[in-house]
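Coordinate analysis (summary)
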Amino acid sequence: MYTQALNAGAVGAGQPPGEDAALLARFQERVDADQRIEPNDAMPEAYRRTLIRQISQHAHSEIIGMQPEGNWLTRAPSLRRKAALLAKVQDECGHGLYLYAAAETLGIAREELVDQLLTGKAKYSSIFNYPTLSWADIGAIGWLVDGAAIMNQIPLCRCSYGPYARAMIRVCKEESFHQRQGFEIMLTLARGTSAQKAMAQDALDRWWWPCLMMFGPPDAASQHSDTSTRWKIKRFSNDELRRKFVDATVPQAHFLGLTLPDPDLRFDADSGHWEFGAIDWDELRRVIAGDGPCNADRIAARRCAHEDGAWVREAALAFAAKRQAKQAA
Amino acid sequence: MAPGPIRVAETPLVSYLLRRADDALVLGHRLSEWAGRAPTMEEDMALANMGLDLLGQARMLYAHAGEVEGRGRDEDAFAYWRDERGYRNLLLVEQPNGDFAVTIVRQFLYAAYAEPYWRAMMASGDATLAAVGAKAEKEMAYHVRHCAEWVVRLGDGTAESRARAAAALTELWPFTGELFEVDGTDRTLIAAGIAVDPQTLREPWQRTVIQVLAEATLEAPPAGFMRRGGRSGRHSEHLGHLLAEMQHLQRSNPGAAW
């Protein structure tokens with residue numbers, strides 16, 4: 001699973017005092033030579049801050065992303081699906097942990113990042129603010145949301161920051177498994193009873209446009225991809241990735257015998273691409289601003305888990321302190 | 001696929017397999033209810049892990065029950081198309097998750113029994129049960145270790161965690177007698193060399209429990225009335241809700257494949 005608008009751009013344009021031009025030039029040379037930047041290497045402060053924000057947003061998205069799918073864990077229609085879904089939700093938690101650890105290599109504690117999520121200071125992918133209303137949504141999320149995530153994340157395996165790039169290699173392997181699993185759920189439904197096929201179509205109708213929004217605002221409206229591109233954090237533009245996703249996904253929908261909810265969708269023989277209709281960017285703005293169908297529920301659930309677990313974490317700390325004191329004595 | 005709820009003609013072996021499968025499914029389902037709600041991310045992973053172990057055990061046991069029954073029923077027929085009264089699980093495993101202490105104590109009390117149980121079952125005359133035993137005893141050994149560590153942390157942590165752990169023990173203790181119950185089904189299969197006598201598991205279970213509680217500075221509740229009925233389908237009120245949620249999609253679409 002994944003975060004969107006990872007490309008929201010570099011933080012803070014100006015360089016802090018004391019960061020001399022020579023350092024920046026040396027850093028850029030290393031990036032240009034495709035050398036990996038590692039935690040103890042010198043790096044511009046803005047690079048560090050950009051990465052912390054991007055990696056932690058990605059981690060938050062994994063953790064919040066457990067909710068829409070967790071919503072169907074206790075109602076999965078077969079034991080095989082139940083086990084696969086539980087394993088998938090567990091994978092997402094694992095991705096979250098892995099990514100928080102990658103962010104920590106940049107000098108910030110997981111607790112601080114989690115706090116940013118709970119207080120609403122940090123963002124996560126807008127896609128998880130949509131509800132899962134039927135079992136087919138579990139298929140649609142795997143097929144489309146994870147499919148979109150892969151489009152975005154494969155290039156991140158070559159990101160200039162070593163720990164993030166390495167995390168992405170592992171995450172992408174698991175995501176691609178999830179994507180195939182989701183497609184297989186959709187295929188089973190599409191070839192099932194008329195009620196199941198209707199369920200699959202309804203899920204596609206509701207998830208298609210929000211998935212296209214996952215790639216972030218159109219290039220024309222996105223102000224700050226330049227620095228991220230120069231630093232090789234980002235390698236493709238939003239529109240390029242969106243187009244790749246549409247080109248890959250339309251034939252899959254046709255294979256399923258489902259209809260994409262876009263009357264303007266047509267294949268352009270000259271460009272070799274699928275042309276799609278206008279995206280409702282107001283909707284994306286609304287959902288990012290907090291007015292999506294599930295924003296309040298998602299954060300409330302996260303806070304509830306955090307607060308309910310406080311006494312357990314305190315107990316673990318108290319116990320560890322007692323043991324340490326005993327050992328010291 | 002069954003057109004409606006099924007009633008299984010329970011021979012001793014089918015009944016025995018369903019009991020074990022139902023224990024694993026119901027407890028695994030309870031653990032899956034925790035997804036995204038655990039006190040730490042690490043614990044979210046661990047609870048899912050234990051839930052997956054149990055779901056895996058349930059699936060193997062249901063599949064075997066289907067073969068033994070010989071009526072072409074698969075794992076989902078048993079899981080989704082039996083009503084509450086047909087479920088054969090222990091009352092312990094259907095108890096609600098409660099707070100983290102209840103979940104951990106429930107898991108600990110069950111695992112401390114299931115580990116020696118499955119180890120002994122590796123010698124079962126039923127080859128499939130022996131194979132399940134070989135896999136499950138390793139899994140349950142991990143559950144014992146993981147949960148024991150938490151029981152100790154909670155018991156010897158803060159005043160609040162200690163009170164919660166003690167309350168969980170008091171709440172769940174009356175369900176532990178059922179672990180060692182022996183009825184006609186058991187006696188038939190024990191005589192046939194297929195089942196292990198649960199009475200022989202009481203001693204290793206007590207040893208584990210007493211040792212961990214001592215380390216946790218907790219005390220076992222005094223011996224008292226023990227609740228029973230799960231093996232004959234007389235459940236607490238909690239199971240029906242769990243099944244209603246779990247089974248509704250299958251049952252709303254009879255004949256559909258998922």
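Located above this text is the structure these notes cover.
Here goes a summary of the coordinates provided.

Cut-off values and rules
Along each chain, numbering runs from 1 in the same order as the chain's sequence is written. Both sets of labels track the order of writing: A upward for chains, 1 upward for ligands. Owing to the predicted nature of the model, reporting of local features is limited to residues with pLDDT of at least 70; listing and counting of side-chain atom pairs is limited to 80 or more, with chain, interface and lining totals taken over all residues. Think of the side-chain values as coming from all heavy atoms in the structure, minus any hydrogens and water. Helix and strand assignments come from DSSP, with helices taken as H or I runs of at least 4 residues and strands as E runs of at least 2, each series counted from the N terminus. Our radius of gyration is a C-alpha quantity, and the globule rule it is checked against amounts to 2.2 Å times the number of residues to the power 0.38. Note on classification: 1.4 Å probe, protein chains only; a residue is buried when its accessible area is under 20% of the maximum for its type, exposed when over 50%, partly exposed between these limits. Should any heavy atoms of two residues lie within 4.5 Å, those residues are considered in contact. Note on areas: Shrake-Rupley, 1.4 Å probe, and residue coverage restricted to the protein chains presented here. Think of it this way: Lys and Arg go in the positive column, Asp and Glu in the negative one, and His and the chain ends go nowhere. In this description, the location of a charge corresponds to atom NZ of lysine, CZ of arginine, CG of aspartate or CD of glutamate. Put simply, buried area is the surface a 1.4 Å probe can reach on two separate parts but cannot reach once they are joined, added for both. A side-chain nitrogen of Lys or Arg and a carboxyl oxygen of Asp or Glu constitute a salt bridge if their distance falls within 4 Å. We define a polar contact as two N or O atoms separated by no more than 3.5 Å, with the added condition that, inside protein, one atom must be a possible hydrogen donor and the other a possible acceptor, whereas residues neighbouring each other in sequence contribute only through side-chain atom pairs. Here the nonpolar group is Ala, Val, Leu, Ile, Met, Phe, Trp, Tyr, Cys and Pro; Asp, Glu, Lys and Arg are the charged ones; every other residue, Gly included, is treated as polar.

A few points about the overall build of chain A
Of regular secondary structure, chain A possesses 13 helices and two strands. Computed over its C-alpha atoms, the radius of gyration of chain A comes to 21 Å, within 12% of the 20 Å expected for a compact globule of 329 residues. Taken over the C-alpha atoms alone, chain A extends approximately 70 × 55 × 35 Å along its principal axes. Looking at chain A residue by residue over its 329 residues, the buried ones come to 56%. Counting contacts in chain A only where the partners sit at least 6 residues apart, residues at least 24 apart contribute 80% of the total. With the model as given, the accessible surface of chain A reaches about 13,700 Å², and the carbon-plus-sulfur share is 54%. If you average the places of the 39 positive and of the 41 negative side-chain charges in chain A, the two averages end up 6 Å apart.

Here we look at the overall build of chain B
In terms of regular secondary structure, chain B is built from 10 helices and zero strands. Taken against the 2.2 N^0.38 rule, which gives 18 Å for 258 residues, the C-alpha radius of gyration of chain B at 18 Å falls within 12% of a compact globule. Summarising the internal contacts of chain B: among those between residues at least 6 apart in sequence, 80% fall at separations of at least 24. Here chain B displays about 9,800 Å² of accessible surface, and carbon together with sulfur accounts for 54% of that area. Of the side chains in chain B, 27 bear a positive and 35 a negative charge, and the two mean positions are spaced by 4 Å.

Focus on the interface of chain B and chain A
Taken residue by residue, the interface counts 48 residues in chain B and 45 residues in chain A. Of the roughly 4,000 Å² buried at the junction of chain B and chain A (both faces included), carbon and sulfur atoms supply 68%. The largest contributions to the chain B side of the interface with chain A come from B:M41, B:M45 and B:W258, which together make up 20% of the buried area. In this structure, the connection of chain B to chain A is made through three salt bridges. Here B:E42 makes a salt bridge to A:R110, at a shortest N to O gap of 2.5 Å. Taken together, the connections running from chain B to chain A amount to 15 residue pairs in polar contact (both at pLDDT 80 or more). Contributions of two or more residues to the side of chain B that touches chain A are made by α1 (12-32), α2 (41-69), α3 (75-80), α5 (100-121), α6 (127-155), α7 (159-172) and α10 (238-252) of chain B. Ranked by residues supplied to the side of chain B that touches chain A, first place goes to α2(B) with 11 residues. For the side of chain B that touches chain A, the per-class residue count stands at 22 nonpolar, 12 polar and 14 charged.

Topic: unusual backbone geometry
With phi around 55°, A:K232 is a residue other than glycine that occupies positive phi space. One can find A:K232 in the loop between α9 (226-230) and α10 (238-256). In this structure, B:T217 takes a positive phi of about 55° despite not being glycine. Within the fold, B:T217 resides in the loop between α9 (202-215) and α10. Judged by relative accessible area, B:T217 falls into the partly exposed class, the value being 40%.

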